[in-house]
Amino acid sequence: MRSRVSIVRCGSYDREAVRQAVDDAVGLLGGITAFVKPGRKVLVKPNLLMAQGPEIPVCTHPEFIRAVVRMLKAINAEVLIGDGPSVWGGRSENVDEVYDVCGIREIARDEGCGIVYFDKHSWFGKIPLAAVLNEVDCVVSLPKLKTHNFTVLTAGVKNLFGLVSSSFKLKFHRDFFDAEHFSSVLVDIYEKVRPALTIIDAVTAMQGDGPGPSGTAKQLGLALASRDAVALDSVASTIMGLHPENVPTNRIAEKRQLGNIKKDSIELLGEDLSEINVGHFQQAGASIILRIPAPLAAVIKRFLKAWPLVLSRECRRCRKCAAACPEGAISFNENKDRIEIDYGKCISCFCCQETCPYAAIATRKSLLARLIGL
Ligand code: SF4
Ligand code: SF4
């Protein structure tokens, strides 16, 4: 069966413009009641990577979240909002700061919905996910469209990694340090959660070394929606100038028959994809290596590497990167007053770069990667 994906234009984060875009995107798919029955209890799961306001497109924009919450409240849904911010977000005081800065507390107060924390977990097979999943009838996922140095992009499937409870995130990065294996775990999570609906905030997306503040804003002016987050990611990949099969989660999910990624298996509604021209979309530096065709990659991959590089001038010695590193590879050298990375331990997961609030971690590539222009 073909998956349906809607694409609508949204020129800004003006409240009325976003409301209209979200209404249109969901309306093209049959309206919100095609996904969520009236009166149900719903977890709205935005991407709240860190305590960062909307001036840098790291998190789902608060107006986007508000528009979806209002849509759900209009059908008398009981709405909870929550996310498990970045890998160091195990401590509730961090999560409270994220909810404040990202506008979640304000939305919850204005719109009359609850805020939830993901510190308690339940096992869904071998995956420890937020226990609140047992209390809700369904999940509505609201990713921010961004490049990702480890998984190529973050959108519908990757957004659900935030449901992994607290410190287990670090363990997953440690245990599945290869991007292919990590992407396979992301697909496992998608299989367990299967959101009722996913709506991507691509009004302002992120390009470059995402998904943290090292990336830069890219205005796309779009909102995309679907029940099939895999098909949605496939369409988003195309808009970003990627071949959908070069995104590991797309490829793995399709192989496991969890969603469609081929053009002829997706019905597009709304804007004509061929008329969406976003110009050059800068990909994440390290992820370029992942997108080399498989036969070639098998031969040269071990010479194509990327590592994090601390930019001493930008670094403010906050040590958040050290707390986020699953391998304990980052330390603060008191004598030299600088952050140091033990490259012997580093697994190139780029959690440190994702975590750094000051864009002080760049991507360093191997000689061959630089020579062939990756
Ligand atoms: S998170 Fe960034 S600013 Fe903070 S210590 Fe690490 S590199 Fe420096
Ligand atoms: S130093 Fe950075 S990239 Fe290397 S393992 Fe630690 S968090 Fe991952």
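Residues numbered from 1 in each chain as written. Chains lettered and ligands numbered in written order. Predicted model: local features only at pLDDT ≥ 70, side-chain atom pairs only at ≥ 80, totals over all residues. Heavy atoms only, no water.

Trainee: Mind showing me how you'd approach the overall build of the protein chain here?
Mentor: Summing up its helical and strand segments, the protein chain has 13 helices and 16 strands in all. Since a compact globule built from 374 residues should have a radius of gyration of about 21 Å, the 20 Å found for the protein chain is in line with a globular shape. For the protein chain, the spread of C-alpha atoms along the three principal axes comes to 60 × 45 × 40 Å. Considering only residue pairs separated by 6 or more positions, the protein chain has 74% of its internal contacts joining residues 24 or more positions apart. Of the roughly 15,400 Å² that the protein chain leaves accessible, carbon and sulfur atoms contribute 49%. (Helix = DSSP H or I, 4+ residues; strand = E, 2+ residues; numbered from the N terminus. Rg over C-alpha atoms; globule rule 2.2 N^0.38 Å. Contact = heavy atoms within 4.5 Å. Areas by Shrake-Rupley, 256 points an atom, 1.4 Å probe, with all protein chains shown as cover.)

Trainee: Would you explain the side chain of N260 in this entry?
Mentor: Tracing the sequence through the fold places N260 in the loop between α8 (248–255) and β12 (266–270). Only 3.0 Å separates the side chain of N260 from the backbone oxygen of M1, close enough to count as a polar contact. Setting aside chain neighbours within four positions, we find N260 in contact with M1, R2, S3, D228, V230, A231, S234, S265 and I266. (Polar contact = N/O pair within 3.5 Å; in protein donor to acceptor, adjacent residues only side chain to side chain.)

Trainee: Explain the site of ligand 1 to me, please; I cannot follow it from the model alone.
Mentor: Neighbouring ligand 1 are C315, R316, R317, C318, R319, C321, I339, C356, P357, Y358, A360 and I361. Of the residues in the shell around ligand 1, the class split is nine nonpolar, no polar and three charged. (Near = heavy atom within 4 Å. Nonpolar A, V, L, I, M, F, W, Y, C, P; charged D, E, K, R; others polar.)

Trainee: It is not clear to me how the site of ligand 2 should be interpreted in this structure. Could you clarify?
Mentor: Around ligand 2 sit P308, C325, P326, I330, I341, C346, I347, S348, C349, F350, C351 and C352, and those are all the residues in its vicinity. For the shell around ligand 2, the per-class residue count stands at 11 nonpolar, one polar and no charged.

Trainee: Would you take a moment to explain the pattern of salt bridges for this structure?
Mentor: Once their charged atoms are close, side chains differing in charge can pair, the charge on each being opposite to the other. Tallied over the entire structure, the rule returns 23 salt bridges. As a salt-bridge pair, R15 and E63 come within 2.9 Å of each other at their nearest N and O atoms. With R15 in helix α1 (residues 15–27) and E63 in helix α2 (residues 62–73), this pair connects stretches of sequence that are 48 residues apart. Assessed through its relative accessible area of 14%, E63 is described here as buried. In this structure, E340 engages R338 in a salt bridge whose closest nitrogen and oxygen atoms are separated by 2.9 Å. (Salt bridge = Lys/Arg side-chain N within 4 Å of Asp/Glu carboxyl O. Buried < 20%, exposed > 50% of the residue type's maximum accessible area, 1.4 Å probe, protein only.)

Trainee: So what exactly am I meant to see when it comes to the nonpolar core here?
Mentor: The nonpolar side chains of a soluble globular protein tend to be buried, and buried together. In this structure, V22, V36, I65, L72 and I199 are the most contacted members of the largest nonpolar core, which totals 49 residues. The element best represented in this core is α2, accounting for seven residues. Beyond its immediate stretch of four places on either side in the chain, V22 contacts F64, A67, V68, M71 and I199. (Core = buried A, V, L, I, M, F, W, Y, C linked by side-chain atoms within 4.5 Å.)

Trainee: Can you help me understand the pairing of strand β10 (residues 197–208) in this one?
Mentor: Note on strand geometry: in a regular strand, side chains alternate between the two faces of the sheet. The buried fraction of β10 amounts to 12 of the 12 residues, a majority that puts the element mostly inside the structure. One ladder, built from two bridges, connects strand β7 (residues 138–142) with β10; its direction is parallel. Within β10, the residue paired with S141 across the bridge is T198. As judged from the two bridges shared by strand β8 (residues 144–148) and β10, these two strands associate in the parallel manner. Paired with K144 across the two strands is D201, which belongs to β10. As paired elements, β10 and strand β11 (residues 215–226) share 10 bridges and run antiparallel to each other. Across the sheet, the residue bridging to M206 is A217, located in β11. Between β10 and the antiparallel strand that follows it, β11, lie six residues. (Pairing = 2+ DSSP bridges.)

Trainee: Sorry, what's going on with the packing of aromatic side chains here?
Mentor: In this description, an aromatic ring pair is defined by two values, namely the gap between the centres and the angle between the planes. One pass over the structure, following the stated rule, counts six aromatic pairs. For the pair W123 and F168, a centre-to-centre distance of 5.6 Å together with 80° between the ring planes defines the contact as edge-to-face. Note that W123 is positioned in strand β5 (residues 121–124) and F168 in helix α5 (residues 168–175), a separation of 45 residues in sequence. Between F150 and F182, the aromatic rings sit 5.3 Å apart at their centres with planes inclined by 50°, giving tilted as the arrangement. Of this pair, F150 sits in the loop between β8 and β9 (152–154) while F182 sits in helix α6 (residues 179–193), and the two are 32 residues apart along the sequence. With a relative accessible area of 0%, F182 lands in the buried category. (Phe/Tyr/Trp six-rings, centres within 6.5 Å; stacked < 30°, edge-to-face > 60°.)

Trainee: So what exactly am I meant to see when it comes to the confidence of the model for the protein chain here?
Mentor: Detailed conclusions should not be drawn from predicted coordinates in areas where pLDDT is low. Predicted confidence across the protein chain gives a mean pLDDT of 92, with 94% of residues reaching 70 or more. Listed scores for the predicted complex are pTM 0.91 and ipTM 0.99. (pLDDT = per-residue confidence, 0-100.)

Trainee: Mind showing me how you'd approach the environment of E16 here?
Mentor: With respect to the helices and strands, E16 occurs in helix α1. Residue E16 is classed as partly exposed on the basis of its relative accessible area of 43%. For the pair E16 and D119, spaced 103 residues apart in the sequence, the C-alpha separation amounts to 34 Å.

Trainee: Is there a simple way to explain α2 in this structure?
Mentor: Three or four residues apart is the spacing at which side chains of an α-helix point the same way, because the helix has 3.6 residues per turn. Over its 12 residues, α2 extends 16 Å from the first C-alpha to the last, a length consistent with the 16 Å expected when each residue adds 1.5 Å. Taking burial as the measure, the 12 residues of α2 include 10 buried ones, the bulk of the element. For α2, the full list of buried residues reads P62, E63, F64, I65, R66, A67, V68, V69, M71 and L72. (Expected span 1.5 Å × (residues − 1).)

Trainee: Explain the packing of α1 against α2 to me, please; I cannot follow it from the model alone.
Mentor: Running from N to C, α1 and α2 point in directions that differ by 55°, and their axes come no closer than 9 Å. By the criterion of interaxial angle, the relationship of α1 to α2 is oblique. Between α1 and α2 lies a crossing of right-handed hand. Where α1 approaches α2, its residues R15, V18, R19, V22, D23 and V26 are matched on the opposing element by E63, F64, R66, A67, V68, R70 and M71. (Axes fitted to C-alpha atoms, helices over the stretch in contact; angles between N-to-C directions. Parallel < 35°, antiparallel > 145°, perpendicular 65-115°, else oblique. Left-handed = near helix turned anticlockwise from the far one by under 90°.)

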